[in-house]
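Summary of structural features
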Amino acid sequence: MCYSIAFMEKRAGKLAARYQGILPPGWKEQLAGNEAGDDVLPTYYFVSGFAHPNLPVFGHDGMMLASWGLIPHWVKDRELAEKLRNGTLNAVGETAFEKPSFRKSIRSQRCLLPVDGFFEWRAHDGKKYPYFIYPDGDDMFTLGCLYDLWTDKHTGEMIQTFSIITTPANSLMAIIHNQKNRMPLILPRDAETAWVDPDTPHATVKDMIQPAGEHGINAHPVSRKLNYARQDRNTPEAIERVTYDELPDL
DNA sequence: CCAGACGTTGTT
DNA sequence: GTCTGG
DNA sequence: CCAGACGTTGTT
DNA sequence: GTCTGG
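Bear in mind that the values here come from a model prediction, so they are computed numbers and not experimental data.

Let's talk about the protein's contact with DNA strand C
By nearness alone, every residue bordering DNA strand C is listed as H73, W74, K76, P100 and R103. In the interface set of DNA strand C, defined as its atoms within 4 Å of the protein, sugar plus phosphate atoms amount to 35%. Between DNA strand C and R103 there is a distance of 2.9 Å, counted from a phosphate oxygen to a side-chain nitrogen or oxygen. Partitioned by chemical class, the residues of the surface near DNA strand C number 2 nonpolar, 1 polar and 2 charged.

What follows is the structure, given as structure tokens:
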């Protein structure tokens, strides 16, 4: 699974350039000339999905800000919305086509979430050690996600929300995430366009939901201060390597 | 049919 | 809105 | 996911 | 053991 991520790259123009292949004509120019997104987007060295942060996701018709934790469009009241969204940070890729909460979104409302990396915990000798998992160089991971738009019938408020698809762990992630053996869907660059295209056949979508290969994926242990949710964990230290003598290598 | 759930995770 | 359990 | 709490009373 | 907050 994937319950916390890093998102430091907040320049709308750079994101637009990175994802220009999936953006309709004109979007790159709009975003590049509009710095407003930078005011809206904080820098997250570490952010928990349970805080339901607003993050930029890319759908077939452009970029939108969406809150992490998918609220299905059919939810009738805020109470159920608040309850469900804590359980929809992730969507199991193997079952998303059947689940009432995801069946519409996985068919026609797929999107991409760029992240600088994500965090998972490794259990060793009765303790939990957080790891930061990140791509090579300056690139970002592109996570395969679903989105939905929910309207509060009572207030008229509309909330755009998303969920991160998960797959079984690859061999690297199985060592780190040794108690859950899941990982987020990391899409190869050449799959991005088809992922967001609402007309991509279901069979093709299913084929895309596979564990990423280990190539290009790096991971190192980070501070156990991340285990304490009440502390301010959104600091540059969150992604810095910490060496624990007792931890076996990956 | 109706009522109620609708999600993730875990079991070192 | 759609599925499951009874 | 993790750490930490885990109760009662009153209340237009 | 199970729920809540972050």
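Focus on the sheet that holds strand β1 (residues 4-7)
One open sheet accounts for 5 strands, arranged β2-β1-β7-β8-β12; its pairing is antiparallel. In this open sheet, the two edge strands, each paired with only one partner strand, are β2 (44-48) and β12 (217-221). Going across the sheet, the axis of each strand differs from the next one's by a mean of 30 degrees, ignoring polarity. Of the strand pairs in this sheet, strand β7 (residues 117-124) and strand β8 (residues 127-135) are connected by 7 bridges, and their pairing is antiparallel. In the strand pairing of β8, F118 is matched with I133.

Definitions and cut-offs
- Residues numbered from 1 in each chain as written.
- Chains lettered and ligands numbered in written order.
- Predicted model: local features only at pLDDT ≥ 70, side-chain atom pairs only at ≥ 80, totals over all residues.
- Heavy atoms only, no water.
- Near = heavy atom within 4 Å.
- Polar contact = N/O pair within 3.5 Å; in protein donor to acceptor, adjacent residues only side chain to side chain.
- Nonpolar A, V, L, I, M, F, W, Y, C, P; charged D, E, K, R; others polar.
- Pairing = 2+ DSSP bridges.
- Helix = DSSP H or I, 4+ residues; strand = E, 2+ residues; numbered from the N terminus.
- Axes fitted to C-alpha atoms, helices over the stretch in contact; angles between N-to-C directions.

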